[in-house]
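Overview (structure and organization)
Letter by letter, the chains look like this.
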Amino acid sequence: MEVGLNHFLFISAALFSAGIYAIVSRKNAIMVLMGVELILNAANINFVAFSRYGNFGLDGQIYGLFVIILAAAEAAIALAIVLNLYKTFANINVDEIDNLKE
Amino acid sequence: MNESLLINITLAVLFLPLIGFTFTVLSGGKIKKAFTFEVFISSITLILSVFLLYAKISAFVEKDILFSFSWINFGILPKWGELNIKLGIKLDNITVIMAFVVTLISFLVHIFSVEYMKGDKRYNRYFAYLGIFTFSMLGIVFTDNILGMYIFWELVGLSSYLLIGFWFEKKSASDAGKKAFIVNRIGDIGMFAGILILFFTYHTFNFNEIFEQMSAGKIPFNSDFWMTLTGILIFMGAIGKSAQFPLHVWLPDAMEGPTPVSALIHAATMVAAGVYLSVRIFVMLTADTMLVIAIIGAITSFIAATIALTQNDIKKVLAYSTVSQLGYMIMAVGVGAYAFAFFHLVTHAFFKACLFLGSGSVIHSMHHEQDIQNMGGLRKKMPLTYISFLVSTLAISGVPFTSGFLSKDGILAGTLAFGKLTGHWLIPIAAFTVALMTAFYMFRLVILTFHGEPRDVHKFEHAHESPKLMVIPLIVLSLLSLFIFYTPNPVSPDQGWFLSEWIKTPSQVVPENSRFDFLINSAGEQTNHGKIIHSVEYTETLHSVHYPALFLSLILGGLGILIAFVIYQWKKINPDAITAKIKPLYLFSLNKWYIDELYDKTFIAGTLLVSRLSAWFDTNLVDGIVNGSAYVIKSFSNIVGWFDKYIIDGFVNFTAFLSGFLGIGLRRLQTGKVQTYIILVIVSAIILFVFFRPF
Amino acid sequence: MFDIIFYLFAFITIGSALIVVTARNIIYSAFSLMLTLFGVSGIYALLGADFLAVVQIMVYVGGILVLILFGVMLTNKITNVEIKSGNRNIAVSLISVSVLSAILFSVLLGTNWKETNSQIPETTLFGIGELLITKYVLVFELLGILLLIALIGAATIARKEE
């Protein structure tokens, strides 16, 4: 079976599922962040794959570039938030932080 | 001297007391000496009314002075004609004499009260009431129409209520005030009905206009019966005000008021208003009406005299004596002795005022002791009071050389002539019996009060002659009880200026077929006894009975006085022995014929019974219907309420319960953990996928 | 040859990603993530996006991953080696994620993609550069501002409160 668009999309879907799983089940906030990065990468693969097989020129790659930039910004902000959480609750365990309940 | 001046003076006489009242009332006790203004006003009123009397008698003795103004003008009404209600003044000789009597006695009572009421906490208010009373009474005197008379009639009722209940802290006084007011109201209902009939028939209230139309043959509903009824209805007002049987019960109770008030109201003015009204409407009385009036007067006079025989309260004796004398006057009107009715009104006003003020003087000096059983021997302590009291007593007993002799004799002659002409002999018999009894009980009063030995030594020793301000009115009034002011001939009033010139019996205006025969005019005929007003027959009869009546009354009066002296002065007969013999009669008299009790048992109890019946009807039937409908509505409401509570509220509550239940269940999802929410988002997304199957 | 390289990279990517999401030690996760990112970078290269592959390595591995490691070290006491963190709700998560991925795969399989195997350019560097200063110049500038804002924001949020 020749490698085509579907193969790349499968990888993307797998990465996406893994990222979702990390977000949903990880206790550590930083690990949740890693899941987010995985999802972003999955999206990026999609962009690039469609750019390659969909006859869209370079636009898909440009979007991928933007996503990477956004991911960098997101990581910086998210880590700052995690540090703040740590200062407030003395840990960064997502399952113990349930202030939203109130 | 012209008419308009007289009218202005009349208005001044009428309204000055009102000004005095207004000022004294508005001073509200702030001005300590406010009463002096009222007394001053009273004296001015007296001077003006003396002038009015003089001017009228000297310049207009034959002419009535009329003045009227339009009060309410309704214009032309459909089915009615012009409706213009006028008020006005009518000045004839009767009016000015009456005004003089009222203002004089009012003034003397003012003077007397200055001493008598000294120290009362509502001193100024008392004088204010005297002012409004004088105003109302003068209004009755001056008015030229029956509507105005009714207005002032009610004002008199009001002011008498205020004065009788002046010491309203005493329950008996406030009760007496109410009684006087309510009993008067009964008579006034009849009077009001009579006024309405007159107004409906003649479209006017003016006396002169009514009488003119009546003499032209117009009578209510073209029926003699209605004419008679109208007369009786209007006379009912007089029954109330002049305390005639059966409405006489208020007057003795009204003795609860201050004694000078009794002198003013119950001797001279208010009770005189009834007689004055009867005199005013004399010309429109039919034979039947007159008979009714005569009978009522006779009954009243007789009953009151018998009651007065046994009373021991000095004021009660005088009160019943007043009722008796008023009965005399009414009887005189009834028998056609018009002039003597008015004459007796005037003379009685003076001597009865004197008697009341004298009794006030005695009561004052005896420190409010009113029981004559506890008096006696006061002659030496209070000589001036005694003398004036004695003169007045002689006058009321009909002793010659007094005014009472003249007027009473005239009335007795009138009744005798009436009996002779119509055959109603019971009326003169009652009149002469009353004359005997009057002499007896008045001298009983004098002897028990002033003669003999003091029975209450302690009070006797403190007794003293009253101050000058109280004695002077007594002297003035007792002087006016002498004959000389009325006629130069002490045995025949006919030749006096009072009767021969000032007061003329007017001709009847009712149709001739409803008059007594002897009142049918045969004018123009001249007899040797002067100009006649009515029939020759009547004039002749009056003349023929004059001397018999005179002697009979002298004998009876003397007999009454003699009996009184025998029993009470010389004590030849023990009064207790007599009373023991005729105990039932004695008790009957002492208890005032049980009339009050009778009224209690019949009218008051009847009213209460009707009230209770109404109350029963109200509670059981009316309230029953109301309660029944309330019960029906309540039951229906209960059903609706049940439906509301269980069905509608149940539905609402079920909804709420369901929401709550779901909420409790769903609350578990609200963990506060972000990851749970994300799982939920994923699950939702899956569900959406499954449902919409975009592939 | 292409297929072999593709499967290699696919294996690296997915395998290390699974380690990322399942490893109990956070350091393992972090290093597995590095591997994943490398794998993705390789896939970019396979797809002809050479510039993007380089940027991926530079930014992700050189920037973001270092940042994450910083976070790990700042929030865990390294001496205690307490830098491990397990999973929770594994059953629920697994079920929902597997259903989700099943749906995703079925969608991918059920879709008839219209593929046009276009020519891979020699290099994309010029094209991207040209696009960035022509068609996407506004977005490019905005992203620059965004990064500046993120920089300031991160510093503000993470700053120790006085």
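**Notes on the overall build of chain B**
Tallying secondary structure elements over chain B gives 26 helices and four strands in all. Counting over 695 residues, chain B shows a buried share of 49%. The contacts of chain B with a sequence gap of at least 6 include a subset with a gap of at least 24, amounting to 79%.

**Regarding the overall build of chain C**
Secondary structure summary: chain C contains six helices and zero strands in total. Traced from its N-terminal end to its C-terminal end, chain C shows the element sequence α-α-α-α-α-α. Among the 162 residues that make up chain C, the fraction classed as buried is 26%. Residue pairs in contact within chain C that sit at least 24 positions apart in sequence constitute 55% of those at least 6 positions apart.

**Comments concerning the interface of chain A and chain C**
Contacts between the two partners involve 59 residues from chain A and, on the opposite side, 67 residues from chain C. For the side of chain A that touches chain C, the elements supplying multiple residues, two or more each, are helix H1 (5-25), helix H2 (29-53) and helix H3 (59-89) of chain A.

**With respect to the packing of helix H18 (residues 426-450) of chain B against helix H22 (residues 536-569) of chain B**
All names here are of chain B. At a minimum axis distance of 8 Å, the contact between H18 and H22 shows a crossing angle of 35 degrees. Here H18 and H22 pass one another in a crossing that is right-handed. Taking contact as the criterion, the partners of Phe432, Ala435, Leu436, Met437, Thr438, Ala439, Phe440, Phe443, Arg444, Ile447 and Leu448 in H18 are, on H22, Leu552, Ser553, Leu556, Gly557, Leu559, Gly560, Ile561, Ile563, Ala564, Phe565, Tyr568 and Gln569.

**Details of the nonpolar core**
If you look at the biggest cluster of nonpolar residues, it comprises 202 residues, and the most contacted ones within it are Ala341(B) and Ala353(B). Each residue touching Ala353(B), except ones within four places of it in the same chain, is listed here: Ile105(B), Ala263(B), Ala267(B), Ala268(B) and Leu477(B). Core analysis: the second largest hydrophobic core is formed by 70 residues, Val24(A), Tyr53(A), Ile62(A) and Leu65(A) among them.

**A look at the environment of Phe51(B)**
Residues and elements named next belong to chain B. Residue position: Phe51 is located in helix H2 (residues 34-59). C-beta crowding within 10 Å serves as the criterion here: with 16 such atoms nearby, Phe51 is assigned to the partly exposed category. C-alpha separation for the pair Phe51 and Ile9, spaced 42 residues apart in sequence, amounts to 8.7 Å.

**Remarks on the interface of chain C and chain B**
Counting residues at the interface gives eleven residues for chain C, matched by seven residues for chain B. Of the residues in the side of chain C that touches chain B, the class split is five nonpolar, six polar and no charged.

**Notes on the confidence of the model for chain C**
Residues at a pLDDT of 70 or more form 91% of chain C, whose mean pLDDT is 84. Predicted as a complex, the structure gets a pTM of 0.65 and an ipTM equal to 0.88.

**Quick word on helix H10 (residues 259-268) of chain B**
Within H10(B), ten of the ten residues are buried, leaving the element largely enclosed by the surrounding structure. Every buried residue belonging to H10(B) is among Thr259(B), Pro260(B), Val261(B), Ser262(B), Ala263(B), Leu264(B), Ile265(B), His266(B), Ala267(B) and Ala268(B), and all of these are buried.

**Looking at the pairing of strand S1 (residues 65-77) of chain B**
Look at any regular strand and the pattern is simple: side chains alternate between the two faces of the sheet. Residues and elements named next belong to chain B. The buried fraction of S1 amounts to one of the 13 residues, a small share that puts the element mostly on the outside. Sheet topology note: the S1/strand S2 (residues 81-91) ladder contains eleven bridges and is antiparallel. Within S2, the position partnered with Leu66 by the bridge is Lys90. The turn joining S1 and S2, which pair antiparallel and follow one another in sequence, is formed by three residues; a positive phi near 60 degrees is taken by Lys79.

**Focus on the environment of Trp226(B)**
Residue and element names in this part refer to chain B. Mapped onto the elements of the fold, Trp226 is located in helix H8 (residues 224-241). In the structure, Trp226 is positioned 32 residues away from Gly194 in sequence and 9.9 Å away in space, judged by C-alpha atoms. Those residues within four positions of Trp226 in sequence are excluded, and the remaining contacts are Pro220 and Phe221.

**A few points about unusual backbone geometry**
Residues apart from glycine generally show negative phi values, whereas peptide bonds are mostly found in trans. Residues and elements named next belong to chain B. In this chain, Phe245 is followed by Pro246 through a cis amide linkage whose omega measures 5 degrees. With respect to the helices, strands and loops of the structure, Pro246 is situated in the loop between H8 and helix H9 (250-253). The backbone of Phe401 shows a phi angle near 75 degrees, a positive value even though the residue is not glycine. Inspection of the secondary structure puts Phe401 in the loop between helix H16 (383-397) and helix H17 (403-422). A tally of 15 C-beta atoms within 10 Å means that Phe401 is categorised as partly exposed.

**Structural notes on the packing of helix H13 (residues 314-334) of chain B against H18(B)**
All names here are of chain B. The N-to-C vectors of H13 and H18 enclose an angle of 155 degrees; their axes lie 11 Å apart at closest approach. Our classification of the angle between H13 and H18 gives roughly antiparallel. In this structure, H13 meets H18 at a crossing whose hand is left-handed. Two secondary-structure elements touch here, H13 through Ile314, Val317, Ser321, Ser324 and Met331 and H18 through Ile427, Ala431, Val434, Thr438, Tyr441, Met442, Leu445 and Thr449. When grouped by side-chain class, the residues that make up the contact of H13 with H18 number nine nonpolar, four polar and no charged.

Rules used throughout
Residues numbered from 1 in each chain as written. Chains lettered and ligands numbered in written order. Predicted model: local features only at pLDDT ≥ 70, side-chain atom pairs only at ≥ 80, totals over all residues. Helix = DSSP H or I, 4+ residues; strand = E, 2+ residues; numbered from the N terminus. Buried ≥ 20, exposed ≤ 12 C-beta atoms within 10 Å, placed from the backbone. Contact = placed C-beta atoms within 7 Å. Axes fitted to C-alpha atoms, helices over the stretch in contact; angles between N-to-C directions. Left-handed = near helix turned anticlockwise from the far one by under 90°. Core = buried A, V, L, I, M, F, W, Y, C linked by C-beta atoms within 7 Å. Nonpolar A, V, L, I, M, F, W, Y, C, P; charged D, E, K, R; others polar. pLDDT = per-residue confidence, 0-100. Pairing = 2+ DSSP bridges. Parallel < 35°, antiparallel > 145°, perpendicular 65-115°, else oblique.

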